Amino acid sequence: MKEESTNVTPDYPVRIWELLLILLGALGLVGTALVGVATKTLTNVLTPARAEAIAQSLFDYQIPGGAKGVAGLNFGAKNIAIITSKTSPPDVTLFVSKVPVVQSPDEDRVNLDDTLQEIFQGDFIPTDSKIENKLLCGKTIPVSVQNGKQIFDEQATPVPAIRYLIKITDNGVERNVSIITNGENAQDKIEKVFDSLRCRFEP
Amino acid sequence: MDNYLQPQGLTEEEAIKRRAEGLGNNVFLQTSRSYRQIINENIFNFINIVFFAISAVMILLRRYSDAFLVVVIISSGVIIAVCQEIWAKRKLDEIALLNRPHTTVIREGNKRDIDPTEIVQGDIIVLAAGDQILVDGVVVGDGRIDVDESLLTGESDLISKVAQDNVYSGTICVNGAACFEATKVGTETVAYKLMTGARAFRHVYTPLQQEINLIIRILLLLACYLWILVGISFTSRSYTLADIVQHAAVVAGLVPSGLLIAITLAYGTAAVRMLGQDVLIQQANAVESLSHVNILCLDKTGTLTSNQIELQKVFPIGISENELRQKLGDYVANTTAPNRTSEAIESSFIGNKRSTKAEIPFSSARKWSAITFDDEPHGTFILGAPEILATVAPLPESINNYIQENFERGLRVLLFAYTENLDVINEEPEKIALPSTLTPLGVIVFSDKLRAQASETLHSFTKAGIDLKIISGDNPDTVAALAKQAGLREDINVVSGLELAIMDDSQFATAAKTSTVFGRITPEQKARLVQTLRLQGNYVAMIGDGVNDVLSLKQASLAISMESGSKATRSVADIILLKDSFAALPFAFLEGQRIRNGIRDSLALFIVRVFCVALLIFSTGMVANSFPLLNKHSALLAMFGVGLPTAVFPIWAKPGETTKHSSMVRSLMHFTIPATLTMTLVALLVFLLYLVRAVLDLPPGQNINDVDYTLPRTALVSILVLCHLFLLPFLKPPTRLWVAAEPLSNDWRYTIAASILFVVYMLVLTLPPFRRFFELAVLSWQDCLFLVLVAFEWCFILRAVWRSKFFNRFLGVDLS
């Protein structure tokens, strides 16, 4: 009765270099995955049509001289989009976002919004600010009206600008709108953009 | 000696007429599982019914492809199994039909051997020691038989039967000879269900079967628990009914019902394979059962020896040799219960028909037989074991020495004795006793040759770590001498039945454990020895041939009989060695090991898959608030990861002991725990990565509840299939590179099979019709490469975990 296989599994030690290779391999794969996700995210964020589609999923809007999408993020329940006018540098910048209140503590939300706005809208330095009640989507809501300067990059000269900040919280969802206009007729342009806003939800 | 054959029996015309009147013994002789059993057990088991119910709901939900998948893909394994089992059954039935016992009837005054189904009511049936009684009837004529009715009544005492006494089907004629008239045949018999043989009463599950049954039941409980959760989720979550049915189907896939199919298939193929070795399998699990055996009990005569008993010499005491020859010749010529010993004497000495007053047939329990002649020279003659007769027939020292010398040469010795008293024999079984004094007439010496290859066969069992116990009714010294001739070591412990009889339970158990040769053992002692060895936790096989072995065969974990053995012995046996092929047993043992190893390999993959999917169900529920797989994905994983590989395991498996644990699941823990946990973690990370991608790709205006899970699920099922395929070379390492949890096999077939399955899976993933059918997303070549690299990385991690014995250290136990 020949025993055709041995029942002994030999002990092979695991060498340090082997562990290092495994670690390197794992890091390589995780890195690849993260790079892939980051690339995907950036590609999605920087796709103009996608940014416009995201913005339009939140509000209908009109930008004088035409609009182009700059950045859009649709990650789960979080939607952020930045739209500008077609001029260079843009004289109208529209930021819209929708975030669930419970899932997004104020600090995080402000930081993310501010960061994205800073990147894509330029730095806005307010000089004065007031609250005005305005009609949006059939309801009167408080709007923070700010006058100040908009800086597109460090070398460029700051230009006078106006900003409207609107926050609508409803049913656990917070919607933010930020409109910045600069140059001549900045006030007219910002009013036109604000008046063109149509909610894609029941406020 | 044919004085009990007085009846003339029926004529052939009467037999034909009675059969036409429906009085024939038309009972189906079941030699293996019936078609109905095969279909019922393979198709209509609980888990398949669940699958069929799910497919019915899917049809109602118009998910026809899902229903098709359940019915065709999952059932195809069942259909293949049913077809193979029916094929094996037909083969076995064919051979069993050729080998099943015939019965002897008297028709028109002549004895005829006929098939049991040809018996008709009113037939006169001849019974001899060792015959199984197949129909109910009444004893007729002068014969006397002792019947074992334990299969009907549970009482082990023999019941004496003479004219007008009833005999019942399913019982066994142990001693004597007689005729009986069949009064009830076919389904009218008291125990017609026993017609298929006493083995119908023996249904011993092997440890492997018990363990697999336990695993399946535990997983069934787990599935029930998950079904309840799935049911609750229908009310608490936004799942549709279609989702719920999908989830229920995935949970149903956790129950490894395929394991039972794998076992049945392995048993069937093994049984057919064994036919080529002249081994007839009567109990499906017998071959696998043999591989568990750690104690093998053998009868000497007819098992270890060829049962071709030859009279060597006679040694007269106080009479001439011629006188002794004449008396012995008369004795055997007038016995109504001939056996091998009397036949050996009859072939040498011619005797005369005489007038017998009484007769006590030979019994293994008494160890002697007797006949009283009332014609001249009258007297009572007794033939039996010297140790038994010597108590009433004192022998001179020289004769005792002569007997002992022959015992030690492995020869069989009987003493022939005499008393003038005609009334010393009482034929009532409970009153049978030796006369108070006897005059010894002579010593008769027989030889019985060892079977060819007995020595090699015993040696191979010893080498495989199986303890041998030779249990015989013969003198212990004779048995010991033959055992040594057969190659057993010189220092074997010998114990006799007479010594065992005065031992208490504790001493008996010790003797059973420590002794190798047991001589002068009664059938009851033989059965008790086997029972004691089993109670000590041993898995005991018993090989026997005579009717005196039936009791012990019934007690054994595995009963093996010689083809030349009595009909009763063959009927209780799980394995019959055709052509008395004792040497085929080691092959059967290796075949049993092969089955176990094949099942073990299958079980390893089943455990990893089932627990990996179960853990993923919980993990994705907690981490991503979702369900990981669709029914089709689960089927795909079951097919590529487990189903197809395990289909070839029983065929490719090799013999050899691979586990040191009695529990197979325990022996696999060192393999399955690291594999399951690491695979689950890797699969979960891959799922989450692709889920993030799916979320990033969400169309504007849609939220996370609208995520399309096709991509993450495709990635998940792909990584699971890849990891399962990579498990194959770890399970059967072709080179040192893959040796971590299992020993080197040098067998490339498993790795090649994994590679082929890998290519086939990639085709399924690439070809649109298959991809659409299985609801898989398109994976780019970069994604495929990434998943393959992840699977490779997992292989190296797993190998390091196995080789470093990480879980052994962490858990503080040796899992290997």
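Just so it is clear, the structure is predicted and the values come from calculations on it, not from any experiment.

Some remarks on the packing of helix H25 (residues 710–731) of chain B against helix H26 (residues 749–766) of chain B
All names here are of chain B.
Right, so step 1: The interhelical angle for the contact between H25 and H26, taken along N-to-C directions, is 165 degrees, at an axis separation of 8 Å. With respect to H26, the axis of H25 lies roughly antiparallel. Along this stretch, H25 crosses H26, giving a crossing that reads as left-handed. Packed against H25, whose contacting residues are Thr 714, Val 717, Ser 718, Val 721, Leu 722, Leu 725, Leu 728 and Pro 729, the element H26 presents Tyr 750, Thr 751, Ala 754, Leu 757, Phe 758, Tyr 761, Met 762 and Leu 765 at the interface.
Right, so step 2: Considered class by class, the residues forming the contact of H25 with H26 number 13 nonpolar, 3 polar and no charged.

Structural notes on the environment of Asn25(B)
Residues and elements named next belong to chain B.
Right, so step 1: With respect to the element layout, Asn 25 can be found in the loop between helix H1 (12–20) and helix H2 (35–43).
Right, so step 2: For Asn 25 and Gln 121, which are 96 residues apart along the polypeptide, the C-alpha to C-alpha distance reads 7.7 Å.
Right, so step 3: Polar contacts involving the side chain of Asn 25 include one to the main-chain carbonyl oxygen of Pro 116, which spans 3.0 Å.

Digging into the sheet that holds strand E6 (residues 139–151) of chain A
Residues and elements named next belong to chain A.
Right, so step 1: Ordered by their spatial adjacency, 7 strands build an open sheet running E2-E3-E4-E8-E7-E6-E5, and the pairing between neighbours is antiparallel. Of all the strands in the sheet, the pair left with one neighbour each is strand E2 (67–75) and strand E5 (123–136). Across the sheet, the mean angle from the axis of one strand to that of its neighbour is 15 degrees, orientation sign disregarded.
Right, so step 2: This element, helix H2 (residues 48–58), spans E2, strand E3 (78–85) and strand E4 (92–100) of the sheet and lies at about 75 degrees to E2.
Right, so step 3: Across the sheet, helix H4 (residues 186–196) touches E4, E5, E6, strand E7 (159–170) and strand E8 (173–182), and the angle it forms with E7 is around 20 degrees.

Re the interface of chain B and chain A
Right, so step 1: Across the contact, 41 residues belong to chain B and 33 residues belong to chain A.
Right, so step 2: For the chain B and chain A pair, buried surface summed over both sides reaches about 3200 Å², with 64% attributable to carbon and sulfur atoms.
Right, so step 3: For the pair chain B and chain A, the interface holds 2 salt bridges.
Right, so step 4: In this structure, Glu18(A) engages Arg799(B) in a salt bridge whose closest nitrogen and oxygen atoms are separated by 2.8 Å.

What about the packing of aromatic side chains?
Right, so step 1: Throughout the structure, instances matching the rule amount to 18 aromatic pairs over all chains.
Right, so step 2: Pairing Phe687(B) with Tyr709(B) gives two aromatic rings, centres 6.5 Å apart and planes at 10 degrees, and the pair type is stacked. One end of the pair, Phe687(B), is in helix H24 (residues 664–696); the other, Tyr709(B), is in the loop between H24 and H25, with 22 residues separating them in the sequence. Take Phe687(B) and Tyr709(B): they sit in the same class, and that class is buried.
Right, so step 3: Ring pairs connect the aromatic residues Tyr331(B), Phe373(B), Phe381(B), Phe416(B) and Tyr418(B), which therefore count as one cluster.
Right, so step 4: A cation over a ring is seen here: Lys134(A) above Phe194(A), with NZ or CZ 5.8 Å from the ring centre.

Here we look at the domain arrangement of chain A
Residue and element names in this part refer to chain A.
Right, so step 1: The assigned domain composition of chain A is domain 1 (10–45) and domain 2 (47–199).
Right, so step 2: The partner domain 2 presents 6 residues to the 4 residues of domain 1 that form the contact.
Right, so step 3: With both sides pooled, the region where domain 1 packs onto domain 2 buries about 390 Å², and carbon together with sulfur makes up 45% of that total.
Right, so step 4: Among the residues domain 1 hides against domain 2, the three largest losses belong to Thr 43, Asn 44 and Val 45. Together they make up 94% of the total.
Right, so step 5: The interface formed by domain 1 and domain 2 contains 0 salt bridges.
Right, so step 6: One can count 4 residue pairs in polar contact (both at pLDDT 80 or more) joining domain 1 with domain 2.

Let's talk about helix H15 (residues 454–463) of chain B
All names here are of chain B.
Right, so step 1: Turning to H15, its buried residues number three or more, namely Ala 454, Thr 457, Leu 458, Ser 460 and Phe 461. Down the axis, H15 shows its buried residues gathered within 160 degrees of arc, on one side only. Exposed residues pointing more than 90 degrees away from the buried face of H15 are listed as Glu 456, His 459 and Lys 463.
Right, so step 2: Packed against the buried residues of H15 are strand E9 (295–299), helix H10 (300–304), strand E16 (467–471) and helix H22 (585–623).
Right, so step 3: Gly 465 sits one or two residues past H15 and shows a positive phi near 85 degrees.

Section: the sheet that holds strand E17 (residues 494–496) of chain B
All names here are of chain B.
Right, so step 1: A sheet is described by the order of its strands in space; here 8 strands give the open sequence E8-E21-E20-E19-E9-E16-E18-E17, paired in mixed fashion. Looking at strand neighbours, the two that pair on one side only are strand E8 (279–281) and E17, the edges of this open sheet. Averaged over all adjacent pairs, the angle separating strand axes in this sheet is 20 degrees, with direction ignored.
Right, so step 2: By the bridge criterion, 5 bridges tie E9 to E16 in an arrangement that is parallel. Counterpart to Asp 299 in the pairing with E16 is Ile 471.
Right, so step 3: Most of the contacts of helix H19 (residues 523–535) go to strand E19 (residues 540–544), to which it runs at about 160 degrees, and overall it touches E9, E16, strand E18 (517–519) and E19.

Some thoughts on the confidence of the model for chain B
Segments scoring low in pLDDT should not have their predicted coordinates read at a detailed level.
Residue and element names in this part refer to chain B.
Right, so step 1: Summarising the model, chain B shows a mean pLDDT of 82, and 89% of its residues fall at 70 or more.
Right, so step 2: In this model residues 1–5 is a low-confidence stretch, pLDDT under 50, and it forms 20 contacts with partners more than four residues away in sequence or in other chains.
Right, so step 3: Overall fold confidence for the complex sits at a pTM of 0.72, while the interface term, ipTM, reaches 0.79.

Notes on the packing of helix H6 (residues 207–236) of chain B against H24(B)
Residues and elements named next belong to chain B.
Right, so step 1: Running from amino to carboxyl end, H6 crosses H24 at an angle of 65 degrees, the nearest separation of the two axes being 10 Å. By the angle between their axes, H6 is roughly perpendicular relative to H24. Two secondary-structure elements touch here, H6 through Leu 208, Glu 211 and Ile 215 and H24 through Met 664, Val 665 and Arg 666.

Considerations on the confidence of the model for chain A
Residue and element names in this part refer to chain A.
Right, so step 1: Of all residues in chain A, 82% attain a pLDDT of 70 or more, and the chain-wide mean is 82.
Right, so step 2: Within chain A, no element has a lower average pLDDT than helix H3 (residues 106–121), which sits at 60, and none a higher one than helix H1 (residues 16–45), at 92.
Right, so step 3: The low-confidence segment residues 1–5, where pLDDT is below 50, has 15 contacts with residues more than four positions distant or belonging to other chains.

Details of unusual backbone geometry
All names here are of chain B.
Right, so step 1: In this structure, the amide linkage connecting Glu 376 to the following residue, Pro 377, adopts the cis form with an omega of -10 degrees.
Right, so step 2: Here Pro 377 shows up in the loop between strand E12 (368–373) and strand E13 (379–384).
Right, so step 3: Phi at Glu 108 takes a positive value of approximately 55 degrees, unusual for a residue other than glycine.
Right, so step 4: Looking at the secondary structure, you find Glu 108 in the loop between strand E1 (103–107) and strand E2 (110–114).
Right, so step 5: A relative accessible area of 41% means that Glu 108 is categorised as partly exposed.
Right, so step 6: Unusually for a residue other than glycine, Glu 775 sits at a positive phi of about 55 degrees.
Right, so step 7: By the secondary structure assignment, Glu 775 is in the loop between helix H27 (768–773) and helix H28 (781–803).
Right, so step 8: Residue classification places Glu 775 among the partly exposed positions, given a relative accessible area of 25%.

Criteria and thresholds
- Residues numbered from 1 in each chain as written.
- Chains lettered and ligands numbered in written order.
- Predicted model: local features only at pLDDT ≥ 70, side-chain atom pairs only at ≥ 80, totals over all residues.
- Heavy atoms only, no water.
- Axes fitted to C-alpha atoms, helices over the stretch in contact; angles between N-to-C directions.
- Helix = DSSP H or I, 4+ residues; strand = E, 2+ residues; numbered from the N terminus.
- Parallel < 35°, antiparallel > 145°, perpendicular 65-115°, else oblique.
- Left-handed = near helix turned anticlockwise from the far one by under 90°.
- Contact = heavy atoms within 4.5 Å.
- Nonpolar A, V, L, I, M, F, W, Y, C, P; charged D, E, K, R; others polar.
- Polar contact = N/O pair within 3.5 Å; in protein donor to acceptor, adjacent residues only side chain to side chain.
- Pairing = 2+ DSSP bridges.
- Buried area = accessible area lost by both parts, 1.4 Å probe.
- Salt bridge = Lys/Arg side-chain N within 4 Å of Asp/Glu carboxyl O.
- Phe/Tyr/Trp six-rings, centres within 6.5 Å; stacked < 30°, edge-to-face > 60°.
- Buried < 20%, exposed > 50% of the residue type's maximum accessible area, 1.4 Å probe, protein only.
- Lys NZ or Arg CZ within 6 Å of the ring centre and 35° of its normal.
- Domains from an automatic or database assignment.
- Arc of directions from axis to C-beta.
- pLDDT = per-residue confidence, 0-100.

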